[in-house]
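Each chain is listed here by its residues.
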Amino acid sequence: MLTPVVDDDGAPFWEYAAQGELRIQACAEPGCGELRFPPRPCCPHCHSFDSEWRRMSGKGRVWSYVVPHPPLLPDYAAQAPYNVIVVELADAPRIRLVGNLVSGPDAALNSVAQERIRIGAKVQVVFTDGAGLPRWVLERP
Ligand code: ZN
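The sections below set out a description of the structure shown in this document.

What counts and how
Residues numbered from 1 in each chain as written. Predicted model: local features only at pLDDT ≥ 70, side-chain atom pairs only at ≥ 80, totals over all residues. Heavy atoms only, no water. Helix = DSSP H or I, 4+ residues; strand = E, 2+ residues; numbered from the N terminus. Buried < 20%, exposed > 50% of the residue type's maximum accessible area, 1.4 Å probe, protein only. Contact = heavy atoms within 4.5 Å. Areas by Shrake-Rupley, 256 points an atom, 1.4 Å probe, with all protein chains shown as cover. Lys, Arg positive; Asp, Glu negative; His and termini not counted. Charge placed at Lys NZ, Arg CZ, Asp CG, Glu CD. Donors = N, O, S within 2.8 Å, 3.2 Å for Na, K, Ca; no water. Tetrahedral: all angles 85-135°; square planar, octahedral: opposite > 155°, others 65-115°. Pairing = 2+ DSSP bridges. Axes fitted to C-alpha atoms, helices over the stretch in contact; angles between N-to-C directions. Salt bridge = Lys/Arg side-chain N within 4 Å of Asp/Glu carboxyl O.

1. Quick look at the overall build of the protein chain
Counting its regular elements, the protein chain contains two helices and eight strands. Listing each helix as α and each strand as β along the protein chain from the N terminus yields α-β-β-β-β-α-β-β-β-β. Overall size of the protein chain, expressed as C-alpha extent along the three principal axes, is 45 × 30 × 25 Å. Expressed as a percentage of the 141 residues in the protein chain, the buried residues total 40%. Counted over contacts in the protein chain with a minimum sequence separation of 6, partners at least 24 positions apart contribute 52%. Only carbon and sulfur atoms are counted for the fraction: they give 53% of the accessible area of the protein chain, which is about 7,900 Å². When the 14 basic and 16 acidic side-chain charges of the protein chain are each reduced to a single mean position, those positions are 10 Å apart.

Below, the structure is given as structure tokens:
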């Protein structure tokens, strides 16, 4: 199981995820408000250092995906072939998150047959129990 590598800028993302909320960093400068990902100190649009964490609906669509095959790290080789998807957020189409398409929050990495994965398929975020790792399930399984 992957565990988050937390840095100062990204820590709030993981704190919210542990509570079952997908939040994306946004500029808090009046008149800007641009979302940004990955988290970083400064707004790339207006250069403000003020930021807030805006709650997302958790809906998105599969923008791209791969099915990794060995050679892989030993923990992953045991689960291959599995999928890694890139999700375009419905609330912020320029923001894309990397994750796994699974049949449920704590299901195996290979719990969705790869022939069922389609570019454009609507997905919903779910969070693993305990670790709060965001993963994705099909809106219409
Ligand atoms: Zn800004």
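2. Quick look at the coordination of the zinc ion
Within the protein, Cys27 (SG), Cys32 (SG), Cys43 (SG) and Cys46 (SG) serve as the donor atoms for the zinc ion, at 2.2 to 2.4 Å. Classification of the site at the zinc ion as tetrahedral follows from its four donor atoms and the range of 102 to 112 degrees in their angles at the metal. Donor residues for the zinc ion, ordered by position in the chain, follow C-x4-C-x10-C-x2-C.

3. Side note on the sheet that holds strand S5 (residues 84-89)
The strand order across the open sheet built from five strands is S6-S5-S4-S7-S8, with neighbouring strands paired in antiparallel fashion. Among the strands making up the open sheet, the edge pair consists of strand S6 (96-99) and strand S8 (134-138). Between one strand and the next, the sheet's axes are offset by a mean angle of 45 degrees, whatever the strand orientation. Relative to S8, strand S7 (residues 122-127) runs antiparallel, the two being bridged by five bridges. From the neighbouring strand, Val126 faces S8, where its bridge partner is Arg135.

4. Details of unusual backbone geometry
Cis rather than trans, the peptide bond between Pro70 and Pro71 has omega equal to 5 degrees. Structurally, the position occupied by Pro71 is in the loop between strand S4 (59-66) and helix H2 (74-77). Backbone torsion omega between Ala80 and Pro81 reads -5 degrees, so that peptide bond is classified as cis. Tracing the chain through its elements places Pro81 in the loop between H2 and S5.

5. Some details on the sheet that holds strand S3 (residues 51-55)
A sheet is described by the order of its strands in space; here three strands give the open sequence S2-S1-S3, paired in antiparallel fashion. Of all the strands in the sheet, just strand S2 (35-36) and S3 have a single pairing partner and so form its edges. Sheet analysis places strand S1 (residues 23-27) next to S3, joined by five bridges and oriented antiparallel. By the bridge assignment for S3, Ala26 is matched with Glu52.

6. So, the pattern of salt bridges
Considering all chains together, one arrives at seven salt bridges under this definition. We note a salt bridge from Lys59 to Glu139, for which the minimum N-O separation is 3.7 Å. A residue pair is termed long-range when its members are at least 10 positions apart, and Lys59 in strand S4 and Glu139 in the segment after S8 qualify at 80 residues. Where Glu88 meets Arg96, a salt bridge forms, and the shortest distance between an N and an O atom there is 4.0 Å. Linked by salt bridges that have partners in common, Glu21, Arg23 and Arg55 make up one network.

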